[in-house]
Each structure stands twice: as C-alpha cells, then as structure tokens.
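# Overview (structure and organization)
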Protein chains: 4
Amino acid sequence: MYGSTFGNIFRITTWGESHGRGIGVVVDGCPAGLSLCEEDIQAFLDRRKPGQSRFTTKRKEADQVEILSGVFEGKTTGHPISLMVANTDQRSHDYSEIANCYRPGHADLNYDRKYGFRDYRGGGRSSGRETIGRVAAGAIAAKLLKELGITVSAYTYSIGPVQINRANFSKEEISNNALYMPDTQAAQAAQEYLDKCMRETNSSGGMVECEITGVPAGIGEPAFEKLDAALAKAMFSIGAVKGFEIGEGMEAARLTGLENNDAYRMDTEGQIMKKTNHSGGITGGISDGAPILFRAAFKPTPSIAAPQETVNRQGEEIEIRIKGRHDPIIVPRAVVVVESMAALVILDAMLGSMTTRLDKIKEFFDK
Amino acid sequence: MYGSTFGNIFRITTWGESHGRGIGVVVDGCPAGLSLCEEDIQAFLDRRKPGQSRFTTKRKEADQVEILSGVFEGKTTGHPISLMVANTDQRSHDYSEIANCYRPGHADLNYDRKYGFRDYRGGGRSSGRETIGRVAAGAIAAKLLKELGITVSAYTYSIGPVQINRANFSKEEISNNALYMPDTQAAQAAQEYLDKCMRETNSSGGMVECEITGVPAGIGEPAFEKLDAALAKAMFSIGAVKGFEIGEGMEAARLTGLENNDAYRMDTEGQIMKKTNHSGGITGGISDGAPILFRAAFKPTPSIAAPQETVNRQGEEIEIRIKGRHDPIIVPRAVVVVESMAALVILDAMLGSMTTRLDKIKEFFDK
Amino acid sequence: MYGSTFGNIFRITTWGESHGRGIGVVVDGCPAGLSLCEEDIQAFLDRRKPGQSRFTTKRKEADQVEILSGVFEGKTTGHPISLMVANTDQRSHDYSEIANCYRPGHADLNYDRKYGFRDYRGGGRSSGRETIGRVAAGAIAAKLLKELGITVSAYTYSIGPVQINRANFSKEEISNNALYMPDTQAAQAAQEYLDKCMRETNSSGGMVECEITGVPAGIGEPAFEKLDAALAKAMFSIGAVKGFEIGEGMEAARLTGLENNDAYRMDTEGQIMKKTNHSGGITGGISDGAPILFRAAFKPTPSIAAPQETVNRQGEEIEIRIKGRHDPIIVPRAVVVVESMAALVILDAMLGSMTTRLDKIKEFFDK
Amino acid sequence: MYGSTFGNIFRITTWGESHGRGIGVVVDGCPAGLSLCEEDIQAFLDRRKPGQSRFTTKRKEADQVEILSGVFEGKTTGHPISLMVANTDQRSHDYSEIANCYRPGHADLNYDRKYGFRDYRGGGRSSGRETIGRVAAGAIAAKLLKELGITVSAYTYSIGPVQINRANFSKEEISNNALYMPDTQAAQAAQEYLDKCMRETNSSGGMVECEITGVPAGIGEPAFEKLDAALAKAMFSIGAVKGFEIGEGMEAARLTGLENNDAYRMDTEGQIMKKTNHSGGITGGISDGAPILFRAAFKPTPSIAAPQETVNRQGEEIEIRIKGRHDPIIVPRAVVVVESMAALVILDAMLGSMTTRLDKIKEFFDK
C-alpha cells in the first residue's frame, strides 16, 4: 500500500532513496500567493546537512534544492510544488556485506520479508535521506505559518543521560552549538558524552523538544483527528522515534487531577488564560491557546562500528561491524525534521479548521 | 473538517455524544465471511461498562449493542456493519453550571472557541462514551485477527506511582481484579492508592500496556504509514492520552546503540529471531516478527470534586467543584479501548500489506 | 475495500440493506450552527418514497427519519450527524427463487463472485433503498447550500423516447406531475408510454437533468478533483446510471470550436459573463459562474415480469419472471437522489475552495 | 485543496505546468517485483507526443522520461516511483495578450477568480502537458495489468460527424493511421473533415472508445466506489471531456428492460456468460466478466485562430485570434491518456478487491 503521502489538505508526497538519482517531494494543496524561492527551502535543508560538526557523518551531501513547478514570478500558484535534491555523493561502495546480511536495529530483514528483496545501497528508502523531502516541504509550511502568526521551534532536549536545564534555557544558544541545545552547559556535557561514545565505536540516543506558539484555541478535530494524535503520528513517522509525549507526557500517569489540571483565570487584558500548561497546549485533542510543547525520543543510531551478532541471508550466524560514515547520534540533524513535521501538522489543522462554523463560512463567501 | 473516520481499508466511522439518542459506529471494509453476532461485540463492551467496581462511576449504562446491518445468516457480508448502543441513563441533570463555565482539564473552552457553542450535557462528543463505537468495532477487528493467528492483549501497567513488577506478571490475573492489572500485589497497592485519591476528592493517572503476538515480519509501510506511527495516532486519539512509547520507548533516548540494538540469531527451528526485543516488535516502522509491546500514558480524570479555579462564560473568575458520578481513574476502563484501537490498526495494516508484492498478487489471482 | 464513504470535507458514510433493521447515514464534517430538524430531512425522503403514483412500486415504506446525534437545541454541533430510517415493510417473501438464480441486469452474479455469497433479500446492499442515506444527507447539504445562495434542482428530462421540450419548460410543473417532468405535455406522453410498458410487463429507461445556480466562478480543483469529475463519479455511483454529460455533453464531440466555445462579454452591471453556456457551467474542471447543467441517463428497471433467460447457481439454464412490486421506471424516484448527490458534491467543493488563497486565509484568521 | 492525487492503493500524484522546468508524477503503492525500464514508459509517452502528423501541433516536445526512484536492478522496489520529463521547447513567446485576456473555452477566468492570478504561459497547470504524468503512470499500470491477464485498448471512435463503423473494425488499423481509428474508411473521411476545419481556422470534437478485457467478475465496490463511477471520474478528470457513457450509455435511457437486460447462459466450457453485453461489462458498479466498453466525448480544441469575442482583465470587450501551434483536435493524442487513466482505475480496483473475502485472506496469510 502507499505510505508516502502525508496531510489532509496541505498534502505532501515524498519519494527517493539514498542511492537513486535524487530525493524529492510534491507539495499539493499549498495556497496561492505565498512568496517562495529556493533560498527559503535551502535554509531549512542546510540545517539537516551532514558534515557540519564532528558529530555528524563526513559524507558530503550538497543537497541543493530545485523548485520544479508551482511557483510563478516568485509566488506559489496553488498548484503542486515539486522539489528535488539530486543525489551527488554516491561513492561506489562495496555493499556486498550489507546486501547479504541483516544489520541489527535496521529494517533490512523486514524489507526482505515484505518486498522479497531490497535496495541495500545506503539503506534505500529507509535511509535518513528520505527526510529531505519532509524538510523541504516543512520549510514551506513554516513560512506560511509565519504569515498566520505561528512559530515552530525545535531543539535538542537531551543526549544520552545529559538533559537541558530549563533554568539555563536560551533560544539564541540553539544555533550556537553543533548539537542545537538551548543550554550551553548541557551542550558541553553532551559533547563530552558523545566523544566517549565515538571512542567506544558506540552511539547515543536523545530527545528533541518542540514549542509552537501562536496557535489559537480551537484547532484540531475531536475523535481521530485530534491535534496531538496528528503530531504523534508525524513524529513516529520519523525513522528512529520510539516515544512521544506532550505537556506532562508519560509523567501525567503519575500525577493526580489536582496536580495536572490547568486552572483558568483572566489575564490583564480580559482574556481567558490557563494559569499553568500541564496540558502542553492541547486539551481533548484541540489546541487550548497555550503554547504547544512536546518531546520525541530518538533511539541511538543503529549503525555502529562495534562488533554485533547477526545472521546473513543464508541463515548463518555471523559478526558484523558497520563501516562507513555514520552519525554517532541522530538527534541534532533530526531537530529540523521534527520542526518540519510539526509545521506540516499545524498548518494542515489550521486549514482544516476553516470549515467548522457556518457563520464564518457565510462571512467568507460574503453571504 | 471531519474527524470521526479511522483506518485505510478496514475503516470505521463513529458517531454520537453522551446525551443524544445513542452512540454508534459504521465499520466499512470488513471482509465477507466472518461469523459475527451481537454477543461477540457485547463481550468487549462489557469490559468498558461502568459500575463494575468501586473505582468506576456508578452511572448505569446498559450499553446493549445492536447490529443494524452488514450481517446475514450469522456472517459478515462485506458491506457496512452498523452498530448502535442506545443511550439510556440520561438523568435530567441540572447542567446549568457546566453549561456556563469551563471545567479545568476539559475541552469546554476549546469547543466554544471552535464551534461557537457546545452540547454541554455529559461532555457531548468529548465524552468517554464516544469510545463505545471504537470498542464495538475493535471487537470485530480482534475476532478477525484471531482468524489470522494474531492476539491483542492490553492491561493496566501502572496507577499513579504503583507499577506492575514483571517478575509477578500473570495473564490470568488481568481479569481477576477490578483494575485489570496482571500483578496481584500491584493491584492491591493500586487499590489502596485509589482509595486515598477518592477520599481526597482527587483522581489519578496511569498507564496501559499492550502486547500483540502473531504479527508476521513485514507489516506496516515506510515513510508516513509506519506501523508504530499508526499505533501512536490511534492511542493519542483516545481522549486522555498524553504519552506513547514502544519497546524501550522514552528510555531509548538514554541508551547506546550497543544496548538498544537487537542482535539476530537462528532459533532451533532454523528461523531468524531477535535475541532481545528492545524495539518492541517494530523496526523502521515495520513489524520485525517479535511481539509488539507498547504503553500509553493516561492523565488523571479531570473531573474532580475538589475545588478548582476557573472562569465562566461571562469572564468572571469562579471556583468549581465537579459533581456527579466520575471515575477516579480512567485507566481500567480504557484497557479495552487501547486493545480495540490496537486491533483496528493491526488489522488495517495486515490488509494493506496484501498488495506489496507482484508475485503474491499473481498467485492471488491465479496468474 | 470500503466503498460507502463519499466526500472530502463534508463526508458521508451510508449503511444498510433492503432487509436489515434499517438504513442510515453518518454525516461527518458538517459545519456547526445550521438549523436542522427531522422535517428538513423528511421532506427530501418523501420525494423518493414509493407508492405515490401508479408508476412507483406499491411497497409501503414509511421511511421516517430519526436524527440520532449531532444536533443540539435545533442546531448542528459540528459533530457527526447520524440519521436512521427503520426498515418496516419486510414481508416474509419467498426468496428461494432469487436466492438460487441470477437476475439479468442485476449484480447477483457479481456479488456471489465477489463475496462468496449474498444477502439476496430485496437486493441487499444493491437495493435502491441504499439511496435513502444519500437523500437524507443531501437534504442537509442542500439546506446548507441555500445559506450560501446556491440552489440545486433536478427533474425528469426524458422517459424512453419522450423528452421535454425546452420551450414548454415550467419549474412549477415539476412537482405537479407524478413523473417530476417540467413540461405538461411531455409528462402526459410519458405516462402513456409507461402505461404501455407496464401492460407489456416491461420497463423503461430515462434521463434526469439537474441545474445548479449560484455557484461562484472558481470552485473545483484542477487535475483529478475537477468539479465535473466529482459530479460524474457521484452520478455513476447511483445504481442504474449508464451515461453522464455536462453542457453540450456527448454532442460536443460533433461540434466545432466556433460552435462550442462560450464568448465573454460584459453585462449591464459591469460583470464578465458568458454569452452562451455550452460548457454547462464548468470549464477546465472549475465552475465558470454560469449555471451548472448536467444530465444522467438511467437504464430501464431490470426487474420485469416478462420471461427472461438466465441460469441458476447449479449452472442450469432456466427462465425467470421477476415477481414482486417493482417500479416500471427508476427515473422519477431518482430525481431527488440526483439532486442530493449534486448538493453533496457542490457543498464539498465549496468548502474545499476555502483554502485556495493565502490572502483570504489571512483575512479569515484576522492576520 | 489538493487535487493532483488519484487512486486509493495504486496512487499517483502529478505535478508540473507547461512552462516550468518539467512535468512529472510520483507513483506510490506500486507492488514490488515488476520489471520496469524507461523504454516501457517512453513507448506510452511517444503515443501522445505532438508533431507526428499534420493534425497535431508542430511544437517539438522530446518528452524523454527519466526514472528518478523506486526501481532497483530493473525491478520496482515497492517504494515511490518518481518519473520526470523535462520541459524543453519553451520558446520565449510573447504572452502579453493571453496574460491580459480570457480565452473562450479555457479556464483563464476561472483561474484568476480562484487563485487571484495565474501562470499564463502555455496554459500553466491546465495545459495538456499535465497529462504526461498520467500517461507515464498509466504505462506502469498497463504493464502490471498485463501480468494479471488484463489488456486495455483505446482508440478514436468519432471525429466531428465521422464515426467508426463496427463492421469495418480492425484492431491493427488503430496504429496505422494518424488518428488512431480502427476503421480505414472512417479514418479517411475524418482526415478530410479535419482538413476542412483547419482551412476554416476552426477545430473539431470527437470521441474515444476503450475496451478492457480480462477483468474477472467481482471487481469494484458497491455504493460510492463503483467501478464505472471510478472510470467516469477518471475520464472527466481529463481536461476536455464533456460526456462519458458505458455499454448502451445515454442510449440506455431510451431502451426497455427487455432490450437492455443481458440474459445469462452457459458457455461450452460450462461457465456462466452473458448472451449480450448491453451493460458494457459492469453491472451494479461491479465487473460482470464481459469486456468493459466505454466512450468519452471530447469537446473541440478551444484554441482557434478564428476571431472570437472576449474581454480583457480591464473589463474591455475585445476580439481575439489565438495564435500559436494548436492541435485542431484533441482526440488522437487523448487516446493514450484515456487508456492510461483506465489502466490506473482497473489496477487500483483489482488491488482493492483483494481484501474482500476472509477465506481468501486466510489463504493469502497461510492460515
């Protein structure tokens, strides 16, 4: 079955694998009239580009995006926007080992079972490069959201055992360190931890947190299209995510109603506000006007050079050491992927909310 | 926008609110030839029925299901199966207080903002009664999965600070205690904790865990229709869920690759197997043949009798004490909801996987 | 696979078969705030009710609709509206003959091949009664469209060889005759033709025409969601439709560009208008501001008492005479079905068009 | 709203406009294991390429397709197949006239109303070049169908007043004449008629007929996903289609039940067969085992050099003569588009039918 399309109204379809001719995305349902150029998108892509620090793979991926359709005289036309990034750094690796065995923590075996065979070069469709399409589309969504007063901001929340301290939180710091952590001290400690992992030919997991501000109350749909359900699916659609939580998250299970409920008060401008934000900005699946705050947990990079037990296609038990240029941690490069997926979800929900009330529909059509 | 339809192939649409004439679901895409009677469905519904212990509301809800269509001579016909449960216990409450104010932890304010007004009786569409349709449909999905050798089993994992001890795990125990906990000791401690919460007119959160066995490797789609992404959305579509994790879950963020990767070995029957199951049965979004194991965290019941600060529709700050018959904890009654949603996801993914390989398609059509 | 859901935003799901407990529909995505009561819907259903003239079956079907959810204090809440009509006239027919053979012009054989068996009572899901759900939902769509200044009006265009004469067209006449024809003389001739068919235990085909006014230019989407494509699908989803045409329709194939193009001129109020309407109100798949005008051709009722050749389930060639109370023509009762499906398509396209332009989206959200 | 995605399981998304960098399609949901190379697709594209006779535009469009993803070692991988054709013949036309006025029979005005502006170069997204993506995807669908024993064959049925004579029908003749007509005499008469149209700076409409053989009985879904409803939508999604009919089509409205019903008999091999095929291979929305036969009516090319009345963006009434290289008739180049869209519909319905019966599902999963 298909699986590469995401979104109800602002709808994207990604394509491409690690070693094909390119990677891309078609954005359908983008409103007409948004100023858009390749630089808008490139800025997002550059944030996931490898080779920017010693904690990301040394593979060289230029990842230059091209707008193939849907923009005329600098504005979106309302028609599909096709974006493509050519695959350039395709060394003629020797893939014979990977082709013949099942790497622990990867989907190799599952792919063989599912499709009968697989494109083993660089992970094929399960490669992290698949996220290029998401980020390119997310750049458009984020730009459009800005026009509606909404900002989406993701950053590294933890790396292995090192977690940010909210007391030290600094938005500016996010782009200052190679790990996109909003806490200088934590970033330092995390780098030391990662260096240790690398020395041990091992890898580390971590968490990304994302804050979305400016979403009015009332966005999201009851039942199955809850806003947090859409965010959860979006995050879990990113390869290595193993957990997702919003507001108090998993911790809410340990709280009481009195601790977890957000009381309502009036603010100084006569608007209703919540005194706290245990909900993380979504209550009953619908935005409650407070900032949306969620976290996604990423597992450690499965490709490690340390020896591991596995089997080959002949059913022989073997030992494997994954060679090649792999990130010791997925999280820093995943930050912009999380931000992109979140932007796609929020924009789609905003557009979807326009048909909720008859009075507003009549106003829209001047009736 | 619509939000009450779930599933790609086995597709359900739920309807109904707390105080309308009834609650129901239409199941479309159910294969023909499954034996089905009202008892099959009633057995599931009875597990979510209130009034079975002192930890669930004393409201009386008979919740008798009726099959209105789609079954002929005891078998599903392949056409939509319409199921309905009449609302019976609709006391003529005085809803004037709830109508006029915004209950903390509820979606009242969001609904007013979104729709301009709301059906305030018993929570309307955001009532827990909405899950009746899911459970009724889930009963069908679970019965169908059994024919494919797949079982789905959910239970209470924790209540407030009380968590099961895997060393004491007993499947039989699940249906033996009012809390559906698979650990006698934990169940006892949890009951004491809940009694305390109730005395304090407070409520508790908790977690549900779910194990799915028999799913072959290769189920789920890459990119956006990953099997764990579909499960995450399904769980977050349940009202009070604030966190979802699979396998090592949030904890995976703290592990290293060596700790988290599952090595492959050959079993005694010459089949490839994983030595461990850190992945929770899903790798790269696709089932890996091991049991699927996930947890969902539920927030504490927001309706509590303890006084809380809120505002009314006139913008006045007031204090509210929620009267009425409310569960002190959502988790025990949510167990069967989790099981149902999981069954819907797995069945849908199984059916979706039938069109993956040309060789199997040709075989299917005898070509 | 599922097949009982229709619409992208205003989305309906029908259920029920001829001899189950009832027939119904769930309307999801209906905006909040529309005044709605059972009489609004009943008025539409009464137009398809049989037994109102000698040209419709004598079966008695009360077809009383019940609103089960989604309406509170006389207004739609924005949540699913569940509508149900109980099946009442279920005589204990002897269905043994139909159960065992394949009626020419019916889907009996196809159903057996597809599902392995079928609910043979009264045609099961392929019964004309399936359209009850569509008409009930269409009544809501039509009421909502009226609030947007749009009217949908269908009528009988032809019966067998008898066609209306546009020179005699009278809107009032439509509800004056049993055949819903807007031309007194044609209606008279058609009745004589039908009497002849009935005397010969035969049946007749015919056409329904539908006019939609008030749709602004710009509704419908390019490529696959063209407005006429959606109408075509909607009409062909009605059981007996074998042809669909818009504007000049099939005849356009015989015209030249000069004959078929609609020239633009300015009207007296300074608005652009088309001098002619060969397009039938849709150009390039998008409404062009002129009234939308289309026709659907219905085949003759396949159930006739005249002897026909067929085979039974044992593969024996037999002769069959279909007993029972069958309409000699489908068209008059299909008029309201066409009107309902058209209303569903137009409303869905109107709602879908709200997210097309960034400037209007910003205005909507006050940005 | 989006509108560029088509299909439920075998799902395509087209992108591109006349004068962007290219035109393309993403095919998602294609089963793994189909042999596929660029030549397979090019053969289809070459059939719609202009410049092959005096009846098609002299524009030079190389239309070389490139497979960008989804194929590995000559076989489809089960992942999205991205296909692209670069736009090469983009003369720097003077578009100032077209930019400023509304061409009769085109969607120019509708686009301006809908989007606020339009890419006026060569028709933008409403250009016939949009069909390149459909044909490229259709080539894949047709190749896959062949593996299932199904062939799809379209040809020109009529041009203006000239219609094929079934007595002269010759399949070989289809590719022998520039008009793709299966009747030598009709092809000759049609060419004379077209020469006359061209001399008069006028254009002609026409019809395409399509025959599909090998579809087993039981394909298509009741209610809204009827096989003929899907075909109708597919055909009407092609720019210039104004009518669609299947089997007896519009003519069925004039027939009686005795004339239109297809009697069943046993064939010499003991199989049930229909004596006639008035239904055109689909009864009750489901394939009945006979060949599927339908026709689509195309309006005359709206772009003609003869003078026409129109208005410009300033609201001035003007006269326009459309310059440039335009086909005097759309039909011959549309033949392969019809064939492609039909292949997409049939393949999608075949795949969709695999989940209909529990017994076959159990067999598929070896249970």
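Residues numbered from 1 in each chain as written. Chains lettered and ligands numbered in written order. Predicted model: local features only at pLDDT ≥ 70, side-chain atom pairs only at ≥ 80, totals over all residues. Heavy atoms only, no water.

### Focus on the relation of the copies chain A and chain B
As a reminder, the rule being used: A least-squares fit on C-alpha atoms brings the copies together, and the residues used are those whose pLDDT is at least 70 in both copies. The criterion used for residue contact is that any of the two residues' heavy atoms lie within 4.5 Å.
Expressed as a screw transformation, the operator carrying chain A onto chain B has a rotation angle of 180° and an axial translation of 0.0 Å, and the superposed copies differ by an RMSD of 0.0 Å. The transformation just described matches what one would write down for a two-fold rotation axis. In this assembly, 100% of the residues forming the interface of chain A have copies in chain B that are likewise at the interface, indicating an isologous arrangement.

### Considerations on unusual backbone geometry
Selection criterion: Counting from the N terminus, the helices are the DSSP runs of H or I reaching at least four residues and the strands are the DSSP runs of E reaching at least two. Categorising residues by exposure relies on relative accessible area from a 1.4 Å probe, with only protein chains included: less than 20% of the type maximum marks a residue as buried, more than 50% marks it as exposed, and the intermediate range marks it as partly exposed.
A positive phi angle, near 60°, is found at Asp366(A), a position not held by glycine. In this fold, Asp366(A) is placed in the segment after helix H9 (358-364). Residue Asp366(A) is classed as exposed on the basis of its relative accessible area of 73%. Here Ala223(D), not a glycine, exhibits a phi torsion of approximately 60°, which is positive. Note on Ala223(D): relative accessible area 4%, which makes it buried.

### Description of the packing of aromatic side chains
Operational definition: Any two of the Phe, Tyr and Trp rings considered here, Trp counted by its six-membered ring, make a pair once their centres fall within 6.5 Å; the pair's planes then place it as stacked at under 30 degrees, edge-to-face at over 60, or tilted in between.
Considering all chains together, one arrives at 32 aromatic pairs over all chains under this definition. Seen from their ring centres, Phe244(B) and Phe294(B) are 5.3 Å apart, and the 45° between their planes marks the pair as tilted. Taken together, the residues span a long stretch of sequence, with Phe244(B) in strand S11 (residues 241-246) and Phe294(B) in strand S16 (residues 292-298) at a distance of 50 residues. Phe244(B) sits in the buried class, given a relative accessible area of 0%. Ring centres of Phe236(C) and Phe244(D) lie 5.2 Å apart, and the angle between their planes is 70°; on these two criteria the pair is classed as edge-to-face. Residue Phe236(C) is found in helix H6 (residues 227-236), and its partner Phe244(D) is found in strand S11 (residues 241-246); the two belong to separate chains. The buried category is assigned to Phe236(C), whose relative accessible area is 1%. Put simply, the rings of Phe236(A), Phe244(B) and Phe294(B) touch in pairs and so form one group of aromatic residues.

### Some thoughts on the UniProt feature "binding site: FMN" (unreviewed entry) in chain A
Quick reminder of the rule: UniProt positions are given in the numbering used here, feature names are shortened, and annotations may be inferred rather than shown by experiment.
When the UniProt feature table is mapped onto this chain, "binding site: FMN" (unreviewed entry) is found at Arg125(A), Ser126(A), Ser127(A), Gly284(A), Lys299(A), Pro300(A), Thr301(A), Pro302(A), Ser303(A) and Arg325(A). An extended arrangement is adopted by the annotated residues: their sequence extent is 201 residues, and the largest C-alpha distance between any two is 44.0 Å. Mapping Lys299(A) onto the fold places it in the loop between strand S16 (292-298) and strand S17 (308-311). Beyond its immediate sequence surroundings of up to four residues, Lys299(A) is in contact with Gly105(A), Ser204(A), Gly205(A), Ala240(A), Lys242(A), Ile330(A), Ala252(B), Asn260(B) and Thr283(B).

### Some remarks on the interface of chain A and chain B
In plain terms, the rule: Summed over both partners, the accessible area lost on bringing two parts together, with a 1.4 Å probe, is the buried area. Between Lys or Arg on one side and Asp or Glu on the other, a salt bridge is scored when a side-chain nitrogen of the former is within 4 Å of a carboxyl oxygen of the latter. Nitrogen and oxygen atoms within 3.5 Å of one another constitute a polar contact, given that in protein one can donate a hydrogen and the other can accept it, and given that sequence-neighbouring residues count only through two side-chain atoms. Three categories are distinguished: nonpolar for Ala, Val, Leu, Ile, Met, Phe, Trp, Tyr, Cys and Pro, charged for Asp, Glu, Lys and Arg, and polar for the others, with Gly belonging to the last.
Contacts between chain A and chain B engage 107 residues on the former and 107 residues on the latter. Summed over both partners, the interface of chain A with chain B buries about 9100 Å², with 58% contributed by carbon and sulfur atoms. When the buried area of chain A at its contact with chain B is split by residue, Met1(A), Lys114(A) and Phe224(A) rank highest and sum to 10% of it. At the junction of chain A with chain B, the criterion picks out ten salt bridges. Ionic pairing is found between Arg265(B) and Glu309(A), a salt bridge with its closest N-O pair at 3.9 Å. Linking chain A to chain B there are 57 residue pairs in polar contact (both at pLDDT 80 or more). If one sorts the elements of the side of chain A that touches chain B by residue count, helix H3 (residues 108-115) of chain A sits on top with seven residues. Tallied by class, residues from the side of chain A that touches chain B come to 46 nonpolar, 38 polar and 23 charged.

### Focus: the pairing of S17(A)
Just so we agree on the cut-off: By definition, two strands form a pair when at least two bridges between them are found by DSSP.
Sheet topology note: the S17(A)/strand S18 (residues 317-320) of chain A ladder contains four bridges and is antiparallel. Bridge pairing in S18(A) links Thr310(A) to Ile318(A).

### Some points on the relation of the copies chain A and chain D
Both copies of the chain are tied together by a single rotation about an axis and a shift running along it. With an axial shift of 0.0 Å and an RMSD of 0.0 Å, the rotation relating chain A to chain D amounts to 180°. The overlap is high: 100% of the interface residues of chain A also sit at the interface in chain D, so the same surface is used on both sides.

### Some remarks on the sheet that holds strand S4 (residues 65-67) of chain C
Residues and elements named next belong to chain C. Rules: Only the contacting stretch of a helix is used when fitting its axis, a line to C-alpha atoms as for every element, and angles between N-to-C directions run 0 to 180 degrees.
Across the sheet, which stays open at both edges, the five strands sit in the order S1-S2-S3-S7-S4 with antiparallel pairing between neighbours. Bordering the open sheet on either side are strand S1 (5-6) and S4, each of which pairs with just one other strand. Pairing between S1 and strand S2 (residues 11-16): two bridges, direction antiparallel. Counted as the bridge partner of Phe6 is Ile12 from S2. Packing of helix H1 (residues 38-48) onto the sheet brings it into contact with S4 and strand S7 (81-86), and relative to S4 it is tilted by some 150°.

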